[in-house]
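# Architecture at a glance
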Amino acid sequence: MALNIVLLEPEIPQNTGNIARTCAALGAVLHLIKPLGFSIDQASIRRAGLDYWDKLALRVHDNFEDFLQSIGRENTDKLWFFSTKSSKKYFEQKIDLPCFLVFGKETAGLPINLLERFRSQTLRVPMGENIRSLNLSNTVAIAAYDVMRQNNFPDLVETSSVLDMHHLNAKDTL
């Protein structure tokens, strides 16, 4: 068990598809907590995740309590809740693996009862004034990659498709 991304009642299939692709790239488990605002086999969610669905570890839970039971209540200290209502910035917290990064639905975020219940485990991504929130898939990517960075990107490798910037021809540059 390493990095786990948890979406509580996601509503927009394209966001979930993008998040699934991020999870596949990182080797993270994606947990979806019902009710979902779409069908998992819906074409738009598959299209957003491209051809990475076979590389995704996906778990679907009936509700939040079912999710907690599945991970074991002794692991609740490994939960990190992301909300615009938190006062603590995500980069101020060292997050060790294994962990569970929990995100709320696009239109409402996480319910206040969860934020109060896990107050010391809530974090936020800073943003400018008068901005209500970032896109969910962007927020997940920011948080997930930072956790992996903090843990030295375990089990991830550079691919052979990385450009060697010293060997680019002038015609190949922008």
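Residues numbered from 1 in each chain as written. Predicted model: local features only at pLDDT ≥ 70, side-chain atom pairs only at ≥ 80, totals over all residues. Heavy atoms only, no water.

## What about helix α1 (residues 13-26)?
The end-to-end C-alpha distance of α1, which contains 14 residues, comes to 20 Å, matching closely the 20 Å that a straight helix rising 1.5 Å per residue would cover. Every buried residue of α1 is listed here: Pro-13, Asn-15, Thr-16, Gly-17, Ile-19, Ala-20, Thr-22, Cys-23, Ala-24 and Leu-26. (Helix = DSSP H or I, 4+ residues; strand = E, 2+ residues; numbered from the N terminus. Expected span 1.5 Å × (residues − 1). Buried < 20%, exposed > 50% of the residue type's maximum accessible area, 1.4 Å probe, protein only.)

## Looking at the packing of aromatic side chains
Within this structure, the stated rule accounts for eight aromatic pairs. Taking the centre distance of 5.7 Å and the plane angle of 45° together, the rings of Phe-64 and Phe-67 count as tilted. Highlighted residues: Phe-64 and Phe-67, both in helix α3 (residues 64-71), separated by three residues, approximately one helical turn. Judged by its relative accessible area of 9%, Phe-64 is buried. A centroid spacing of 5.3 Å and a plane angle of 85° characterise the contact between Tyr-90 and Phe-91, whose relative ring orientation is edge-to-face. (Phe/Tyr/Trp six-rings, centres within 6.5 Å; stacked < 30°, edge-to-face > 60°.)

## Remarks on the packing of α1 against helix α5 (residues 136-150)
At a minimum axis separation of 9 Å, α1 and α5 run at an interaxial angle of 15°. In this view, α1 runs roughly parallel relative to α5, as classed from their interaxial angle. Crossing of α1 over α5 shows right-handed handedness. Judged by residue contacts, Asn-15, Asn-18, Ile-19, Thr-22, Ala-25 and Leu-26 of α1 engage Leu-136, Ser-137, Val-140, Ala-141, Ala-144, Tyr-145 and Met-148 from α5. Here the contact of α1 with α5 is composed, by residue class, of nine nonpolar, four polar and no charged. (Axes fitted to C-alpha atoms, helices over the stretch in contact; angles between N-to-C directions. Parallel < 35°, antiparallel > 145°, perpendicular 65-115°, else oblique. Left-handed = near helix turned anticlockwise from the far one by under 90°. Contact = heavy atoms within 4.5 Å. Nonpolar A, V, L, I, M, F, W, Y, C, P; charged D, E, K, R; others polar.)

## A short note on the pairing of strand β4 (residues 79-82)
Residues Leu-79 and Phe-81 point to one face of β4 and Trp-80 and Phe-82 to the other, with burial holding for every one of them. Taken together, the four bridges between β4 and strand β5 (residues 99-103) define a ladder with parallel strand orientation. Of the residues in β5, the one forming a bridge with Trp-80 is Leu-101. Both β4 and strand β6 (residues 122-123) contribute to a ladder of two bridges, which runs parallel. Residue Phe-81 lies in a different strand from β6, and its bridge partner there is Thr-122. (Pairing = 2+ DSSP bridges.)

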